[in-house]
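So the chains spell out like this:
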Amino acid sequence: MFVVDLIRLTLTFFVFLMPYSVTRNLVTGGAGFLGSHLCDRLMEAGEEVICLDNYFTGRKQNISQWIGNPRFELIRHDVTEPIKVEVDRIWHLACPASPVHYQFNPVKTAKTSFLGTYNMLGLANRVGARLLLASTSEVYGDPEVHPQPESYKGCVNTIGIRSCYDEGKRIAETLCFDYQRMHNTEIRVMRIFNTYGPRMLPDDGRVVSNFIVQALKGESLTLYGDGSQTRSFCYVDDLIEGMIKLMNGNHSGPMNIGNPTEFTIRNLAELVRKKINSNLELIYQQLPQDDPLQRKPDIQLAQKELSWTHQVDLDQGLDQTIDYFRRGLNL
């Protein structure tokens, strides 16, 4: 009996000394639209997740299913302030991403992009973590090259109402590559094109949520300009798959992730109207300052390096998104 107990004690001791194999992830903006879907994927994969959010646009109900799980930790924190945690990977998504929200306090938006990224890179450098920056197609501005490859340097207004976000993300990318050059920090930079799906906020001012909410309420659909400007809409599940592949791959980026199928805003309005209420009117208002006239990703790099492309078309993705808003609005 003594020998058996001794063996058990010895085995327990060696197991305790073995390296911990579960990846520990920090997701900034983890209670937001994209962040919460990422948390889902990481938790479902059996990994550990620290979700960091200040709840400016994030919502606790987005990650409520994981609260109480021993592999999940929720921290209310603003990334403009440093934080010390021990992690293997940092998914840096924290920043308001819709014009309504990032223009609400443009100085705060710029601080979030610069100081938030600076703080997360400092943390990554200290603990030896790999960091993925959620950048944006907005770094291309109102593009003069179409579709937009990663090599295109953009056409951005430095003093416009969108500049706090556009230039904020550009300096965030700069910081990432400077840390890579100076400190050999492992980075992944992802340029996200228009993404939609469940957990979007109904008042975020993005065109997909705007049209769906207006249509469900029986209101006219508001188009800005003449509706001929184009966008490419990527369903959230496809986007998260691309994000995970980029983090796990060997390419630092920047890399476009988005659906390359291009639609005019009027096309989108007609599709939403057809799915919800074909009798709704379309009304037109003035196009906002610096609103891009064209937006379409060149995803050849993602296809080559990650074997990634979108799987969900707009028609299918809109059905899922409409169902989500219909339940949330009780309509």
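Structure first, text after, so check above.
Scoring rules and cut-offs
Residues numbered from 1 in each chain as written. Predicted model: local features only at pLDDT ≥ 70, side-chain atom pairs only at ≥ 80, totals over all residues. Heavy atoms only, no water. Helix = DSSP H or I, 4+ residues; strand = E, 2+ residues; numbered from the N terminus. Rg over C-alpha atoms; globule rule 2.2 N^0.38 Å. Buried < 20%, exposed > 50% of the residue type's maximum accessible area, 1.4 Å probe, protein only. Areas by Shrake-Rupley, 256 points an atom, 1.4 Å probe, with all protein chains shown as cover. Lys, Arg positive; Asp, Glu negative; His and termini not counted. Charge placed at Lys NZ, Arg CZ, Asp CG, Glu CD. 1 Å grid on protein atoms, 1.4 Å probe; cavity = no way out; pocket = protein on both sides within 12 Å on 5 of 7 lines; lining within 4 Å. Points joined across faces, edges and corners; volume = space filled by probe spheres on them. Nonpolar A, V, L, I, M, F, W, Y, C, P; charged D, E, K, R; others polar. Core = buried A, V, L, I, M, F, W, Y, C linked by side-chain atoms within 4.5 Å. Contact = heavy atoms within 4.5 Å. Phe/Tyr/Trp six-rings, centres within 6.5 Å; stacked < 30°, edge-to-face > 60°. Axes fitted to C-alpha atoms, helices over the stretch in contact; angles between N-to-C directions. Parallel < 35°, antiparallel > 145°, perpendicular 65-115°, else oblique. Left-handed = near helix turned anticlockwise from the far one by under 90°.

*Asks:* Is there a simple way to think about the overall build of the protein chain in this case?
*Replies:* Across its full length, the protein chain holds ten helices and 13 strands. Scaling as 2.2 N^0.38, a compact globule of 331 residues should have a C-alpha radius of gyration of about 20 Å, and the protein chain matches this with 21 Å. Projected onto its principal axes, the C-alpha coordinates of the protein chain cover approximately 85 × 45 × 40 Å. Evaluated residue by residue, the protein chain yields a buried proportion of 51% over its 331 residues. Here the protein chain has roughly 15700 Å² of accessible surface; of this, 52% comes from carbon and sulfur atoms. Separation between the mean location of the 34 positive side-chain charges and that of the 38 negative ones in the protein chain comes to 3 Å.

*Asks:* Just checking my understanding: could you explain the layout of surface pockets for this structure?
*Replies:* Left-over empty space is what a probe sized like a water molecule reveals as it rolls over the atoms. Estimates place the volume of the second largest pocket at around 210 Å³. For the second largest pocket, the full set of lining residues is R59, Q61, N62, R199, M200, L201, P202, Y324, F325, G328 and L329. Per-class residue counts for the lining of the second largest pocket are six nonpolar, three polar and two charged.

*Asks:* Quick question: what am I supposed to make of the nonpolar core here?
*Replies:* When a protein is soluble and globular, its nonpolar side chains tend to lie buried together. Core analysis: the largest hydrophobic core is formed by 59 residues, its most contacted members being L38, W91, F211, L239, M243, L268 and L318. F211 has contacts with L221, T222, L223, I265, L268, A269 and V272, leaving out every residue within four places of it along the chain. Counting residues in hydrophobic clusters, the runner-up holds 24 residues, among them I50, I83, A94 and L175.

*Asks:* Which parts of the structure should I look at to understand the packing of aromatic side chains?
*Replies:* The relative placement of two aromatic rings is captured by the distance of their centres and the angle of their planes. According to the stated counting rule, one finds seven aromatic pairs in the structure shown. Ring plane angle 35° and centroid distance 6.1 Å describe the contact between F56 and F104, whose orientation is recorded as tilted. Placement of F56 in the loop between β2 (48-53) and β3 (72-76) and of F104 in the loop between α3 (99-102) and α4 (106-127) is noted, with a sequence separation of 48 residues between them. By relative accessible area, which is 65% here, F104 ends up exposed. On the numbers, 5.5 Å between centres and 65° between planes, the contact of Y196 with Y235 is edge-to-face.

*Asks:* How should I be thinking about the packing of helix α2 (residues 33-44) against helix α7 (residues 236-248) in this particular structure?
*Replies:* Helix packing for two helices is described by the angle between their axes and how far apart those axes are. One way to put it is that α2 packs onto α7 with a least axis distance of 10 Å and a crossing angle of 65°. By the criterion of interaxial angle, the relationship of α2 to α7 is roughly perpendicular. Taken as a pair, α2 and α7 cross one another with a handedness that is right-handed. For the pair formed by α2 and α7, the contact residues are F33, L34, H37, L38 and R41 on the first element and V236, D237, L239, I240, E241, M243 and I244 on the second. Considered class by class, the residues forming the contact of α2 with α7 number eight nonpolar, one polar and three charged.

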